[in-house]
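Examining the three-dimensional arrangement
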Amino acid sequence: MDVIVRHLSKTFRSGFEEKLILKDVTFEVKSGEWVNIIGRSGSGKTTLLKCLAGLLRTEEGASIFIGGSPIHQTPEEKLREFRRKHIGFIYQDFQLFQAFTAKQNVMLPEWPYTNRKKLEKRAEELLERLQLTDRMDAVPAQLSGGEQQRIAIARALLNDPEVLLCDEPTGNLDRKTRDEILGILHNCREEAKTILFVTHDYEVLKYGQRIFQIDDGVITEIDKPAIPG
Amino acid sequence: MAVDVEKIGTVIMPWTTLGAAESILSSWNVFSMVIAAVFVLSALLTLLSRFGVAEAETKEERGRLAMLGWSDSTIRAIFRFQWRIQLLTAAIISGGILAATAGFDPISFAGFGTAILITSGLKAVTGKLHQRPSKRDHSFRPGRSLLTANLRFYKNHILAASLQLILTTSCTAFIFTVNHATTERIKKTRLGEYIHFHINEQQMLLFSGIILLTAFTLAESFYRLWQERKKQIQFLKIVGWQNREIRMLLLKESVAWAGISTGFGAMISVFLAGSVLGFNSAAVLLQIGWAGAIFLGALFIFSIVLFGTLKYGLKGEQTWM
């Protein structure tokens with residue numbers, strides 16, 4: 001799915017203070033592209049992902065299209081359905097439910113909407129693909145950081161989404177586990193999934209095709225830096 | 001015993017009618033003591049729940065202070081000092097109210113002192129329990145459905161409220177039934193009616209106190225439970241759950257908690273009342289009806305707290321969750 005953003009601005013208000021986080025952001029990402037988004041803390045990277053997912057309302061004049069769907073105009077209920085079917089989310093802190101097993105966590109997005117047996121089968125397939133077959137019935141507290149992130153990826157892939165929004169998913173992982181996770185996501189890109197990957201880690205940049213830098217809310221595309229290895 | 005008998009004046013000797021009155025009063029006194037005991041137990045469970053919530057609320061702060069390099073003993077001393085100030089303030093205010101209403105009655109003040117000692121003891125016990133490292137995470141076995149998994153995982157959050165709900169349902173249903181039977185029997189005479197009028201007032205006060213304390217504990221426990229799961233609720237919205245599915249998941253949990261607790265309480269009450277009054281279908285129906293009313297009350301409190309959390313507690317769009 002293509003992601004098209006035009007004239008996106010976002011201001012946060014706190015009391016009498018106003019802070020412009022995103023300033024007239026405009027870009028396009030083609031279907032199947034992996035785009036890395038870098039920038040200092042507080043520069044607006046996460047805010048951009050939230051706007052793309054329709055979790056934050058955009059200001060007047062902005063337009064966001066994902067696969068032709070106008071995210072900026074879609075009502076909340078429809079947006080949730082759209083996210084469930086077309087967008088996968090992966091976070092730095094995994095966001096797994098401690099009360100549930102690995103398999104239940106993977107099944108969670110579709111739990112009220114899909115037949116249980118079908119859902120279990122799909123979750124088992126994904127966990128097998130991510131080499132977690134023997135960890136299906138473990139709860140997150142019994143898993144390593146890398147295993148937890150793989151479960152989070154399996155959950156994000158449950159509906160075979162066309163777009164993956166990744167908010168520093170390797171930020172909490174050691175080098176070896178990070179490479180493992182990046183390898184899994186790289187395979188996802190080969191399945192023509194569009195990936196927007198927020199990162200602080202310059203090692204990640206070798207995986208993407210393009211790099212956007214956000215500085216004080218302004219987005220610019222930069223060239224890939226030379227990364228050894 | 002001095003009883004003001006209608007159109008006769010105050011009579012002190014327990015003869016004839018007054019002898020009967022004494023017998024009625026003594027049975028009522030036992031009854032009042034039972035209600036008072038339930039009230040005290042209920043108050044202790046409320047305190048237990050409150051202290052548990054307070055410990056959970058300060059956990060993050062304690063963690064941050066430890067990260068800054070504070071020793072455990074220093075952190076404990078700081079929170080102990082805060083607690084002493086709170087206790088002293090509460091003692092001064094409630095002691096003042098007691099003195100103004102009951103005068104300087106030594107028995108009342110002995111009770112007051114005991115209450116402060118029990119409260120301090122309870123706080124110390126809760127503190128010790130919460131400082132123990134949790135082993136739950138590694139030994140936890142989740143349920144097969146989301147409902148049972150959540151019920152098992154969050155049982156400690158709702159334990160005090162559940163116990164209180166069991167206590168309140170069993171005791172109030174029992175008291176309600178016995179009260180009803182005794183009142184029907186006593187009100188057949190004018191003297192009985194007179195005594196009932198005077199004593200029932202005090203009992204009703206304690207009765208209302210029990211219900212209010214339970215309502216408070218329930219509201220606080222549910223509030224704490226939803227606060228703890230605020231991030232999860234927001235995450236479910238992010239991955240595309242609609243509000244009705246989220247509400248349904250939480251509603252099922254609340255129905256299960258309230259249903260198990262009030263059901264268990266109703267069974268205890270039926271057994272207790274059956275032992276005292278003998279088993280009869282009218283009394284059983286009365287108790288089940290009362291337990292049902294408490295169940296609905298618990299669900300009402302849950303709905304208000306959940307509505308407040310979903311409506312106002314999930315604001316703050318500046319964070320991912």
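1. Brief notes about the confidence of the model for chain B
Residues and elements named next belong to chain B. In this model, chain B carries a mean pLDDT of 80, and residues with pLDDT of at least 70 account for 81%. Scored below 50 in pLDDT, residues 316-321 shows 9 contacts in the model against residues more than four places distant or in partner chains. Predicted as a complex, the structure gets a pTM of 0.77 and an ipTM equal to 0.84.

2. Quick word on the nonpolar core
Counting residues in each nonpolar core, the largest one holds 73 residues, and the members touching the most others are Ile37, Leu52, Val106, Leu165, Ile195, Leu196 and Phe197 of chain A. Counting residues per element, this core draws most heavily on helix H5 (residues 145-157) of chain A, at 6 residues. Residues contacting Val106 of chain A, with those up to four places away along its chain left out, are Ala123, Leu126, Leu127, Ile151, Ala154, Arg155 and Leu158 of chain A. Counting 38 residues, the second largest nonpolar core, distinct from the first, contains Leu218, Phe222, Ala258 and Val270 of chain B.

3. Topic: the sheet that holds strand E10 (residues 218-222) of chain A
Sheet strands associate in pairs through backbone hydrogen bonding, adopting either a parallel or an antiparallel arrangement. All names here are of chain A. Read across the open sheet, the 6 strands follow the order E6-E7-E8-E3-E9-E10; overall the sheet is mixed. Of all the strands in the sheet, just strand E6 (87-91) and E10 have a single pairing partner and so form its edges. When strand polarity is set aside, the average angle formed by the axes of neighbouring strands in this sheet is 20°. Relative to strand E8 (residues 194-198), strand E3 (residues 34-39) runs parallel, the two being bridged by 4 bridges. Residue pairing for E8: Asn36 is matched across the bridge by Phe197. Lying on the sheet, helix H1 (residues 45-52) is in contact with E3, strand E7 (163-167), E8 and strand E9 (210-215); it crosses E8 at an angle near 150°.

4. Describing the interface of chain B and chain A
Contact with chain B, which involves 20 residues of that partner, is made by 27 residues of chain A. Contributing elements (two or more residues each) for the side of chain B that touches chain A: helix H4 (136-139), helix H5 (146-153) and helix H8 (230-238) of chain B. A breakdown of the residues in the side of chain B that touches chain A according to their chemical character gives 10 nonpolar, 6 polar and 4 charged.

5. Considering the pairing of E3 of chain A
Residues and elements named next belong to chain A. Counting buried positions over the 6 residues of E3 gives 6, a clear majority of the element. Alternating residues of E3 divide into Trp34, Asn36 and Ile38 and Val35, Ile37 and Gly39, and every residue in both groups is buried. Inspection of the sheet shows E3 paired to E9 by 5 bridges, in the parallel sense. Looking at the pairing, Gly39 lines up with Ile214 of E9.

6. A look at the sheet that holds strand E4 (residues 63-66) of chain A
Residues and elements named next belong to chain A. The 4 strands lie next to each other as E2-E1-E4-E5, forming an open sheet whose pairing is antiparallel. Two strands close off the open sheet at either side, each with one partner strand: strand E2 (17-29) and strand E5 (69-70). Relative to E4, strand E1 (residues 3-14) is paired through 4 bridges, and the arrangement is antiparallel. Pairing of Val5 across the sheet is with Ile64, part of E4.

Here is what the cut-offs are and how they apply
- Residues numbered from 1 in each chain as written.
- Chains lettered and ligands numbered in written order.
- Predicted model: local features only at pLDDT ≥ 70, side-chain atom pairs only at ≥ 80, totals over all residues.
- pLDDT = per-residue confidence, 0-100.
- Contact = placed C-beta atoms within 7 Å.
- Core = buried A, V, L, I, M, F, W, Y, C linked by C-beta atoms within 7 Å.
- Buried ≥ 20, exposed ≤ 12 C-beta atoms within 10 Å, placed from the backbone.
- Helix = DSSP H or I, 4+ residues; strand = E, 2+ residues; numbered from the N terminus.
- Pairing = 2+ DSSP bridges.
- Axes fitted to C-alpha atoms, helices over the stretch in contact; angles between N-to-C directions.
- Nonpolar A, V, L, I, M, F, W, Y, C, P; charged D, E, K, R; others polar.

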